[in-house]
Amino acid sequence: MSDSHQKLTQNAAPEMHSAAIEADPLFAEPYIDIDEQREEPVRHRYIHGGFTGTETRFSYYFPPTDQYEGRFFQHITPIPDSENLASRMPAGEYNKIGFSMDSGAYFVETNGGGSLDFSTPGGTRADPTITAYRANAAAARYSRAVAKAIYETDKRPYGYAYGGSGGGYRTIGSIENTTGVWDGVVPYVIGSTMAIPNMFSVRMHAMRILRDKFPQIVDAVEPGGSGNPYAGLTEEEAAALREVTQMGFPPPSWFGHKNMGVHGFAALYQGVVAADPGYFTDFWTRPGYLGFDDPDSFEGYRVQFETTVAGPVTAAEAARLHIYTNPWDDKARGGVDTAFRVPTGADGEKIVGFRLVGTPPEVDFLGGDLAILSGDAAGKTLPLARIADDVVVLGIADAAAVKRLQAGDKVRVDNSNFLAAQTYHRHQVPGPDFPVWDQFRSADGQPIYPQRPTLIGPLFVQATSGSQMTGQFEGKMIVVASLWDREAMPWQADWYRQRVAGHFGDRADDHFRLYYTDHALHGDEPALEDQTRVVSYQGVLQQTLRDLAAWVEKGVEAPASTHYDIIDGQVVVPDSAAEREGIQPVVAIAVNGGKRIEVNAGEPVQFTGTITVPPGTGSVIRAEWDFDGTGNFAHSSPIVTGERSVTLSTSHNFDTPGTYFPALRGISQRRGDPDTLYARIWNLDRVRVVVQ
């Protein structure tokens, strides 16, 4: 492409093929309003547009002709978001534009069809199918017409969609509800039809009961620990830990207990209350519900505080006060999140909370409500994310109600519903295809707790993705899941694999793979929560997209799925790379032959390690050591090019007494390229060194 390329404008845009118009007449009139050459993060042609009469907007990023190999990658966000996200990402290994072009693909992203209403199940709009899959499908279809015009070819580009978390639901719904749009998809860190809100509720219950015991639980499951996280727990505490573990929460992931917060439940909470309002009364008033059966267990947690509003708190004021306002997590630091705020104050200011007259009683507050008792907004309820002295921080709130709440209005801070939500999963027992709920069944298979009239999880999934995750689709799919995922419990990827197997039977391997990533969490953002404990799955995701393309276009079979067992809700993988398979290297480190050693200060400590890549998935390109727990991995060992398995040894002196967790991190790459930014696959292992 050159700077003098013929611009595609509103008046000279490629026409939508008649078949595409027939597929979805709502998107029959595409337009292009930006067509320009860009140099960052890499040289490409940027095209922006939408569809007349809709809120749908798209961005296309086309590589130079000599880089284009006849395909596109399309990222599907967890919820409808900006169509310009990729252009805002810094250059580097996480940049979707750079990766796509390095893979011979142009990149597609959309705004998903427009914003959602979080007060309804799944954030539904008047027609939820638009945000579930139709907007993304329309943009994918039209991108082919644009690509043909740009590259002056009649050849149909192959297309591959990928999305994680809520985007995983939407990716699955997209391929299950369409034909001929995408040739393959990569949903990652996915849930099941019963994930919402149950994977969050059980975690929040454990967070409340175990809040003071997490340090000892984490120590027990760390390398060189006792291996018994139940030691020293009361009966109530042990029951809560057992409940959440059998529901699939990976015990090592509790290391993030201080900051994990309620995550996606912030967006789901209002929809849960709307879907089953009677539950939140029954919880406190009817036998069989924890709030009625054991109200004393909520002593010191429940707050019902009536007062008046002193005034709004803007984002700028919250920043000055070091009040953290992100509704998703609970970082123990100052900072303001305004991504889901709309201007609700004077001069376009974003109101993130309210100052009260008086300070609510101090409780362990994971979330709650601000019930408005008087004034123009009387009768409305605003979700709360946290309390900071006399300031209540809003969750994802109705902007109209926020604007109407004024100083002097009477309000009640109340977390009764939020507390009730924490055991909602006990009253949502599904069928036998969800064995993690067996703990809530009696010997005769009947639920031991009263059941709600409706399983609401499938309602949310249908609204989000337009699908019930049937496993019925055309094309090929590779699911990427994380073994330390604390939001989408890892067993859920296997649950969907079983749906696929039920549909395809003995042909399932012709259409489906599942890769688990060890030591990886839920998010795909560049910043890792703890570099000494976890790795990014970004390289796995990138290589999976490339494997998918080769599988579809050239018939090159994707590497075998990860081998695993599911035991009491936990996904357990073999220790060796040859047995585990998948595409992630296996890393093992030992200190004096074990996982723990006690030494005197200044005494040299010997470490040995191995990094092994599963057969046919590349070679080791880097080995890095972190001895002091900073996550810098400042020491590296030389690697022989092209080796699938390497054995390493080194020593280190610890001069200061304390407990250390040295780590070995290994990186593999399919082509054995140590210089590329992309498809670098990580894993690590740790040991414990106690220095006296």
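Scroll up to find the structure this text is about.
Being a predicted model, the structure only gives us computed values, none of them experimental. (Residues numbered from 1 in each chain as written. Predicted model: local features only at pLDDT ≥ 70, side-chain atom pairs only at ≥ 80, totals over all residues. Heavy atoms only, no water.)

Asker: How would you explain the overall build of the protein chain if you had to name every residue and give the values?
Answerer: The secondary structure content of the protein chain amounts to 18 helices and 27 strands. Taking 26 Å as the expected radius of gyration for a compact globule of 692 residues, we find that the protein chain reaches 26 Å, a close match to that expectation. Over its C-alpha atoms, taken along the principal directions, the protein chain stretches across nearly 70 × 70 × 55 Å. Of all 692 residues assigned to the protein chain, the portion counted as buried reaches 58%. When contacts within the protein chain are restricted to residue pairs at least 6 apart in sequence, those whose partners lie at least 24 apart make up 73%. Total accessible area on the protein chain is roughly 26800 Å²; 47% of this is exposed by carbon and sulfur atoms. Mean positive and mean negative side-chain charge positions of the protein chain (59 and 86 charges, respectively) differ by 2 Å. (Helix = DSSP H or I, 4+ residues; strand = E, 2+ residues; numbered from the N terminus. Rg over C-alpha atoms; globule rule 2.2 N^0.38 Å. Buried < 20%, exposed > 50% of the residue type's maximum accessible area, 1.4 Å probe, protein only. Contact = heavy atoms within 4.5 Å. Areas by Shrake-Rupley, 256 points an atom, 1.4 Å probe, with all protein chains shown as cover. Lys, Arg positive; Asp, Glu negative; His and termini not counted. Charge placed at Lys NZ, Arg CZ, Asp CG, Glu CD.)

Asker: Go over a negative patch on the surface with me, naming the residues and quoting the values.
Answerer: Taken together, the side chains of Glu236, Asp293, Asp294, Asp296 and Glu299 define an acidic patch exposed on the protein surface. Inspection of the secondary structure puts Asp294 in the loop between α11 (290–293) and β8 (304–314). Since its relative accessible area comes to 32%, Asp294 is described here as partly exposed. (Patch = residues over 30% accessible without salt bridge, like charges linked within 9 Å, V, L, I, M, F, W, Y side chains within 5 Å. Salt bridge = Lys/Arg side-chain N within 4 Å of Asp/Glu carboxyl O.)

Asker: Tell me what's going on with the pattern of salt bridges, and back it up with residues and numbers.
Answerer: If you walk through the whole model with that rule in mind, you get 35 salt bridges. Salt-bridge contacts for Glu36 lead to Arg38; the nearest nitrogen and oxygen are separated by 2.8 Å. Among the ionic pairs, Arg71 bridges to Glu553, the shortest N-O distance being 2.8 Å. Of this pair, Arg71 sits in strand β4 (residues 71–75) while Glu553 sits in helix α17 (residues 538–554); the two residues are 482 residues apart in sequence, bridging distant segments of the chain. Accessibility expressed as a relative area gives 8% for Arg71, which makes it buried.

Asker: Any chance you could break down the sheet that holds strand β26 (residues 680–686) for me, citing the residues and the numbers?
Answerer: Taken together, 4 strands build an open sheet; the order of strands is β22-β21-β25-β26 and the sheet is antiparallel. Of all strands in the sheet, those with a lone pairing partner are β22 (635–637) and β26, marking the two edges. Between one strand axis and the next, the sheet turns by 25° as a mean value, whatever way the strands run. Where strand β21 (residues 619–626) and β22 come together, 3 bridges link them in antiparallel fashion. Paired with Glu624 across the strands is Ser636, a residue of β22. (Pairing = 2+ DSSP bridges. Axes fitted to C-alpha atoms, helices over the stretch in contact; angles between N-to-C directions.)

Asker: Go over helix α15 (residues 457–465) with me, naming the residues and quoting the values.
Answerer: An α-helical turn contains 3.6 residues, so a residue and the one three or four places further along point in the same direction. Counting buried residues in α15 gives 7 out of 9 residues, a clear majority hidden from the surface. Among all positions in α15, only Gly457, Pro458, Phe460, Val461, Ala463, Thr464 and Ser465 are buried. Against α4 (128–151), α5 (166–177) and α9 (265–275) lie the buried residues of α15. Residue Gly466 follows α15 closely and has a positive phi angle near 70°.

Asker: Could you give me a rundown of the packing of aromatic side chains, with the residues and numbers involved?
Answerer: Under the criterion given, the structure shown has 43 aromatic pairs. Ring geometry for Tyr279 versus Tyr289: centroids 5.8 Å apart, planes at 65°, classification edge-to-face. In this pair, Tyr279 is assigned in helix α10 (residues 279–285) and Tyr289 in the loop between α10 and α11, connecting sequence segments 10 residues apart. Residue classification places Tyr289 among the buried residues on the basis of a relative accessible area of 2%. (Phe/Tyr/Trp six-rings, centres within 6.5 Å; stacked < 30°, edge-to-face > 60°.)

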